[in-house]
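Tertiary structure, described
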Amino acid sequence: MDDTGPLLIALADPARWRLVRLLAERPRPVGVLAQLAEARQPQTTKHLQTLERAGVVTSQRSGQRRVYALRPEPLRELAALLGRLADTADRAGGSRATYERHGLSLASERLAADGPGWADERSFRFHRSLAGDPDTVWRHLTETALLARWWTPDDLRVSDLVFEARPGGRILLEYRDAEDTGGSEPVAGRGDGVVDDARPGERLAYRLSPRLPDGSAAFTAHVDFDLRAGDTGTDLDVRYLIADSTVESADFVAGIEIGFGQSLDKLATAVGAAHGTTHGTHHDAPHDAPHDAPRTSARTEGRQVQP
């Protein structure tokens, strides 16, 4: 079923839905349908004509009467389509699961954010085995044209980027919803920072502060990438450490684990494409904070965040 609009509109009216239910039992003439539906016959006729244009009923004249019957095929097609939509939303690890996980994380982090510095020293560790050599990976970590391909989680895109890959170099990141190609929606997020260490093919370290709507820093992320040549490519280990956390940073912190993990998955895909293979394996350690610290997930107020 390519266009469900007319059918959905036809079925949305309670009076027409009542007629559909009556016709599901057996074909009936207009007068009988009006009587059973406790409606006037002219109104009933108009409703039946709408249902017929939508393809859900058919009619034929029998003597002085017009008899209507239900066509079950469109309903079966609609039911199958709705089932596929439900299956897509409910698939394991899909967007609904991520949304629900993030909701739980938001509640935990907002409860934990009881004062300035509440999340300081919280750390996250990520590992990816990438198909490319360390030089290829380094280029994807530092060259803006390549960096822009992966440096946001799913459903977001880089809209402005500065990355000066040298100690003291400036970092500026702005991102929008991926589907907002015309820039009609507000910017989804901004961050700025500075590079601390840049050893090509070996180590990249920087500080980056996501910005709150008022322009102040939510927290400072100290991010450290270590690259090592492996048997089939590059082993990449990342440590992500939080400092200078504000109470308002709770929603950002709730998005780090999955949000940054999704970005690294995109990095693996980009490096694999450059190397002519699929992306490698990964492992994420939630953090090395105390065991009772809340776990995190991927979205902030309905948007994935890029620290």
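Residues numbered from 1 in each chain as written. Predicted model: local features only at pLDDT ≥ 70, side-chain atom pairs only at ≥ 80, totals over all residues. Heavy atoms only, no water.

**A few points about the environment of Val67**
- Mapped onto the elements of the fold, Val67 is located in strand E3 (residues 65-70).
- The sequence separation of Val67 and Val32 amounts to 35 residues, and the corresponding C-alpha distance is 9.5 Å.
- Apart from residues lying up to four places away in sequence, Val67 is in contact with Pro27, Arg28, Pro29, Thr58, Ser59, Gln60 and Ser62. (Helix = DSSP H or I, 4+ residues; strand = E, 2+ residues; numbered from the N terminus. Contact = heavy atoms within 4.5 Å.)

**What about the pairing of strand E7 (residues 189-199)?**
- One ladder, built from six bridges, connects strand E6 (residues 170-177) with E7; its direction is antiparallel. Its bridge partner lying in E7, Glu174 is registered against Arg190.
- Taking the residues that link successive antiparallel strands as the turn, the E7-strand E8 (residues 203-210) hairpin has three residues, and the phi of Gly201 there is positive, at about 75°. (Pairing = 2+ DSSP bridges.)

**Re the packing of aromatic side chains**
- Summed over all chains, the structure comprises eight aromatic pairs.
- Consider the rings of Phe124 and Tyr240, whose centres lie 6.1 Å apart with planes at 85°: the pair is edge-to-face. Here Phe124 is found in strand E4 (residues 123-130), whereas its partner Tyr240 is found in strand E10 (residues 234-243), with 116 residues between them in sequence.
- Classification of Phe124 as buried rests on a relative accessible area of 0%.
- With a relative accessible area of 0%, Tyr240 lands in the buried category.
- Summarising the aromatic geometry, the rings of Phe163 and Tyr206 are spaced 6.1 Å apart at their centres and angled 90° between planes, so their arrangement reads as edge-to-face. With Phe163 in strand E5 (residues 156-163) and Tyr206 in strand E8, this residue pair connects regions lying 43 residues apart in the sequence. Here Phe163 and Tyr206 have matching classes, each one buried.
- In textbook terms, an aromatic cluster arises when at least three aromatic residues are bridged by ring pairs, as seen for Phe124, Phe126, Trp151, Phe163, Tyr206, Phe225, Tyr240 and Phe260. (Phe/Tyr/Trp six-rings, centres within 6.5 Å; stacked < 30°, edge-to-face > 60°. Buried < 20%, exposed > 50% of the residue type's maximum accessible area, 1.4 Å probe, protein only.)

**Here's the deal with unusual backbone geometry**
- Positioned with a positive phi, Glu121 is a non-glycine residue whose angle comes to about 75°.
- Position of Glu121 relative to the elements: it lies in the loop between helix H6 (95-112) and E4.

**Here we look at the packing of helix H7 (residues 134-142) against helix H10 (residues 256-275)**
- Packing of H7 against H10 leaves a shortest axis separation of 10 Å and a crossing angle of 130°. As far as their axial angle goes, H10 and H7 are oblique. Regarding H7 and H10, the two cross each other, and that crossing is right-handed. Every residue of H10 that contacts H7 at Thr136, Val137, His140 and Leu141 is listed here: Leu267, Ala270, Val271 and Ala274.
- For the contact of H7 with H10, the per-class residue count stands at six nonpolar, two polar and no charged. (Axes fitted to C-alpha atoms, helices over the stretch in contact; angles between N-to-C directions. Parallel < 35°, antiparallel > 145°, perpendicular 65-115°, else oblique. Left-handed = near helix turned anticlockwise from the far one by under 90°. Nonpolar A, V, L, I, M, F, W, Y, C, P; charged D, E, K, R; others polar.)

**Notes on the nonpolar core**
- In this structure, Trp151, Leu204, Tyr206, Phe219, Phe225, Tyr240 and Phe260 are the most contacted members of the largest nonpolar core, which totals 44 residues.
- Counting residues in each nonpolar core, the second largest holds 17 residues, with Leu11, Leu22, Leu33 and Val57 among its members. (Core = buried A, V, L, I, M, F, W, Y, C linked by side-chain atoms within 4.5 Å.)

**Description of the packing of helix H1 (residues 5-12) against helix H5 (residues 72-90)**
- Relative to each other, H1 and H5 sit at 100°, their axes nearing to 11 Å. Judged by the angle between their axes, H1 and H5 are roughly perpendicular. The segment H1 lies against H5, with Leu7, Leu8 and Leu11 engaging Pro74, Leu75 and Leu78.
- A class-by-class count of the residues in the contact of H1 with H5 yields six nonpolar, no polar and no charged.

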